[in-house]
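So you can see what is in the structure, the chains are spelled out below.
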Amino acid sequence: MSENQAPRAEHDATRTAELPLAQPPAAHLDQPGAPAGPPPVFPAAEPGPGSRPGRVGRGVALGAAALVLSLGSALVGGYAATRWDDDTPVVASQRPAAAAPVVDRSSLAGIAAAVQPSVVSVATGSGEGSGVVLSEDGSILTNNHVVAGARSGLTVTFSDGRRASASVVGTDPKTDLAVIKASGVSGLTPAKFGDSDAMRVGDTVLALGSPLGLEGSVTAGIVSATNRTIQAGEQGSPFQRSPASSIAGVIQTDAAINPGNSGGALVNLGGEVIGINTAIATAGNGNGNIGVGFAIPSNRANQVAKALIGGQKVSHPYLGVQVTTAAGGGALVGAVTAGSPAEQAGLQRGDVITKIADRTVADSDDLVSAVQAGKVGDRLEVTYTRDGAVRTTTVTLAEAS
């Protein structure tokens with residue numbers, strides 16, 4: 001697999017994506033009688049070049065293009081590492097966390113009402129997605145895959161029914177984020193961003209957006225896992241063909257996310273955005289939610305948004321190795337890119353990386369997460385084994401091309 005690959009997710013306002021899971025709930029629906037296999041994943045966006053139905057009774061047909069999000073492949077070249085063994089999906093690493101207290105769901109109405117004005121619907125001419133308001137004058141954060149395939153101008157619909165045209169300010173495909181700007185608007189309600197690092201498995205969350213074109217929708221669930229590594233890539237799109245890329249550290253939730261939710265908000269009980277919804281897993285070829293969705297952490301999303309608004313380059317750290325999970329644990333190096341930080345540090349094919357900085361590396365996904373959590377220029381100590389001997393070296397993360 002290429003260096004910019006990891007698990008796959010569903011993005012885009014008009015595309016379908018597939019996400020293979022470690023233990024799919026059922027056989028693929030497009031293969032009657034076939035044994036159970038990885039379920040497909042669909043982007044949280046919906047095609048919709050025609051007329052836009054009202055908030056109720058929207059059409060739910062998806063476009064023919066497909067995006068793929070598979071759990072398991074990882075890469076440390078463009079991002080961190082690349083799996084080179086095979087295409088067997090492997091669930092990304094999960095960090096255990098303390099259970100959250102039980103929450104009275106009847107109290108969630110006030111939270112949803114407070115956040116709704118900060119969530120918008122984004123129509124691209126080829127599909128629909130969602131977005132989160134960043135400023136009173138119309139800056140909006142959404143997914144790159146929502147706006148990347150736009151065949152005409154963008155149209156934003158606010159919670160009060162107002163509409164405005166919008167243009168793209170900047171995009172970062174590697175994190176699947178984009179900032180757009182609505183024209184001629186003022187007095188909007190910017191979303192409040194929370195600390196995504198503080199979220200624990202079991203915490204209650206709400207997902208807001210426009211699933212299947214149903215604007216102003218809210219669903220509730222919990223944080224199912226943190227620090228997932230997924231691979232997002234587009235296959236067969238009639239509008240664009242972007243290379244697959246890995247996104248590490250994403251939040252998994254069982255709050256219902258469906259096509260059209262892409263770019264919408266995942267919020268905590270304080271009404272703070274702690275994630276930007278980006279992908280879902282589905283069983284077979286269906287486009288419905290099965291309780292496995294993913295969101296880009298708010299800390300990363302906020303950082304990227306500020307860089308895009310400021311016209312700055314979004315930095316992506318690079319190590320330069322292709323890896324797979326070693327039989328006894330750790331990330332087994334399958335290849336080292338010439339001239340990369342890994343080569344300069346002396347890493348070789350066959351080395352098994354077990355620790356980077358203060359983070360234990362139990363598998364290849366851990367290495368991806370550790371590298372993406374760093375910054376260009378960071379000097380990190382790497383612990384690895386070679387021929388049975390434990391060694392250490394220091395790598396200096398470089399900028400990904």
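Structure's up top.
Thresholds, definitions, all that
Residues numbered from 1 in each chain as written. Predicted model: local features only at pLDDT ≥ 70, side-chain atom pairs only at ≥ 80, totals over all residues. Heavy atoms only, no water. Helix = DSSP H or I, 4+ residues; strand = E, 2+ residues; numbered from the N terminus. Buried < 20%, exposed > 50% of the residue type's maximum accessible area, 1.4 Å probe, protein only. Core = buried A, V, L, I, M, F, W, Y, C linked by side-chain atoms within 4.5 Å. Contact = heavy atoms within 4.5 Å. Expected span 1.5 Å × (residues − 1). Polar contact = N/O pair within 3.5 Å; in protein donor to acceptor, adjacent residues only side chain to side chain. 1 Å grid on protein atoms, 1.4 Å probe; cavity = no way out; pocket = protein on both sides within 12 Å on 5 of 7 lines; lining within 4 Å. Points joined across faces, edges and corners; volume = space filled by probe spheres on them. Nonpolar A, V, L, I, M, F, W, Y, C, P; charged D, E, K, R; others polar.

A.B. asks: Can you walk me through unusual backbone geometry in this structure?
C.D. replies: Even without being a glycine, Asp 176 presents a positive backbone phi close to 55°. Take Asp 176: it is sitting in the loop between strand E7 (163-172) and strand E8 (177-182). You can call Asp 176 buried: its relative accessible area is 3%. Its identity as a non-glycine residue notwithstanding, Asp 387 has a phi of 55°, on the positive side.

A.B. asks: Looking at this model, I keep getting lost on the nonpolar core. Mind explaining?
C.D. replies: Nonpolar side chains in soluble globular proteins tend to be buried together. Counting 23 residues, the largest nonpolar core has Leu 141, Leu 177, Leu 206, Val 267, Val 273 and Ile 276 as the members making the most contacts within it. Ranked by residue count, the leading element in this core is helix H4 (residues 298-309), at five residues. Ignoring sequence-local partners within four residues, the contact set of Val 273 consists of Val 132, Ala 191, Lys 192, Phe 193, Gly 194, Ala 265, Leu 266, Val 267 and Ser 298.

A.B. asks: Explain H4 here, please?
C.D. replies: One turn of the α-helix equals 3.6 residues, which is why residues spaced by three or four share an orientation. The end-to-end C-alpha distance of H4 is 16 Å, a good match for the 16 Å that 12 residues give at a rise of 1.5 Å each. Burial in H4 covers these residues: Ser 298, Ala 301, Val 304, Ala 305, Ala 307 and Leu 308. Elements that come into contact with the buried residues of H4 comprise strand E5 (139-142), E7, E8, strand E13 (273-280) and strand E14 (293-297). Where H4 ends, the next residue or the one after it, Gly 311, has phi of about 70°, a positive value.

A.B. asks: Help me understand the side chain of Arg 386 in this model?
C.D. replies: As for its position among the elements, Arg 386 is in strand E20 (residues 379-386). Arg 386 gets classed as buried once you look at its relative accessible area, which sits at 12%. Here the side chain of Arg 386 touches Gly 346 through a polar contact of 2.9 Å, landing on its backbone oxygen. When sequence neighbours within four positions are dropped, the list of residues in contact with Arg 386 reads Gly 346, Leu 347, Gln 348, Asp 351 and Arg 391.

A.B. asks: Would you take a moment to explain the layout of surface pockets for this structure?
C.D. replies: A water-sized probe rolled over the atoms picks out the places where empty space is left. In this structure, the largest pocket occupies an estimated 800 Å³ of space. If you go around the largest pocket, you meet 34 residues; those closest to its centre are Ala 248, Pro 297, Arg 300, Gln 372 and Ala 373. Mapped by element, the contributors of at least two residues to the lining of the largest pocket are strand E10 (217-235), strand E11 (245-253), E14, H4 and helix H6 (364-372). Classifying every residue of the lining of the largest pocket by side-chain character gives 14 nonpolar, 13 polar and seven charged.

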